[in-house]
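Okay, here's what each chain looks like letter by letter:
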Amino acid sequence: MKSKTPAQSLTINTEVVLPNDTNHVGNLFGGKLLQWVDITAAIAAQRHCGRVVVTASINHVSFDNPIKQNSVVTLEAKVSRAFTSSMEIYVEVLVENPVTGEKTKCNEAILTFVAIDQNGAPLPVPQLIPETELEKKRYEGALRRRQLSLILGGRMKPEEATELKALFIKD
């Protein structure tokens, strides 16, 4: 299986915030944003592995800034690391200034997807080769995030988390 770069999974989705997408104060519903994030991330994961994928977890979501009605929202997703059958996907949420066209990051999310066969069994995915400094930083952090998630889910003992130990134990 041939390795891939994060750029090969890049998925860009642009949406406009309509009245039905907003809450009583005119901001985008968090659930609607999560729907857009999940779909965009799923396409990025599928592009990386060429297989059907399912959401395994939403590891992190930040709602740093509200998104107002009529805003143009762009979601950019890339695979940040591939493991055996799972992939971590990083999604940036940007709001576009309608006058200047400038995009400002307002939210982000990190999700995990698993490639599956027709029976729902996990399938191997290609390894990822990060290229840019940011991609390398996300790649390195992904293993720590994965180990923490496995510990919190009861699937890994804390003493087995080698990457997390390295953060706290100094020689």
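Above this text you will find the structure in question.
A short tour of the structure in this document, coming up. If you're wondering where the values come from, they're calculated on a predicted model, not measured in any experiment.

A look at the sheet that holds strand 5 (residues 103–116)
Taken together, the 5 strands give an open sheet; going across it, the order is 1-3-4-5-2, and neighbouring strands pair in antiparallel fashion. Sheet topology places strand 1 (11–16) and strand 2 (52–63) at the edges, where each strand pairs with a single neighbour. Taking each pair of neighbouring strands and ignoring which way they run, the sheet shows an average axis angle of 25 degrees. Where strand 4 (residues 86–96) meets strand 5, 11 bridges bridge the pair, whose relative direction is antiparallel. Looking at strand 5, one finds that Tyr90 is bridged to Ile110. Running over the sheet, helix 1 (residues 30–49) touches strand 1, strand 2, strand 3 (72–82), strand 4 and strand 5 and is turned about 45 degrees from strand 3.

Side note on the nonpolar core
Counting residues in each nonpolar core, the largest one holds 31 residues, and the members touching the most others are Ile67, Met87, Ile89, Val91 and Phe113. For this core, the secondary structure elements donating two or more residues are helix 1, strand 3, strand 4 and strand 5. The element best represented in this core is helix 1, accounting for 8 residues. Discounting chain neighbours no more than four positions away, the residues touching Ile67 are Val17, Gly26, Asn27, Leu28, Leu33, Val73, Val93, Val95, Cys106 and Asn107.

Some thoughts on the layout of surface pockets
If you add up the space inside the largest pocket, you get close to 260 Å³. Per element, the largest residue contribution to the lining of the largest pocket is 4 residues, and it comes from helix 2 (residues 133–152). The residue inventory of the lining of the largest pocket, partitioned by class, reads 5 nonpolar, 6 polar and 3 charged.

Procedures and definitions
Residues numbered from 1 in each chain as written. Predicted model: local features only at pLDDT ≥ 70, side-chain atom pairs only at ≥ 80, totals over all residues. Heavy atoms only, no water. Pairing = 2+ DSSP bridges. Helix = DSSP H or I, 4+ residues; strand = E, 2+ residues; numbered from the N terminus. Axes fitted to C-alpha atoms, helices over the stretch in contact; angles between N-to-C directions. Contact = heavy atoms within 4.5 Å. Core = buried A, V, L, I, M, F, W, Y, C linked by side-chain atoms within 4.5 Å. Buried < 20%, exposed > 50% of the residue type's maximum accessible area, 1.4 Å probe, protein only. 1 Å grid on protein atoms, 1.4 Å probe; cavity = no way out; pocket = protein on both sides within 12 Å on 5 of 7 lines; lining within 4 Å. Points joined across faces, edges and corners; volume = space filled by probe spheres on them. Nonpolar A, V, L, I, M, F, W, Y, C, P; charged D, E, K, R; others polar.

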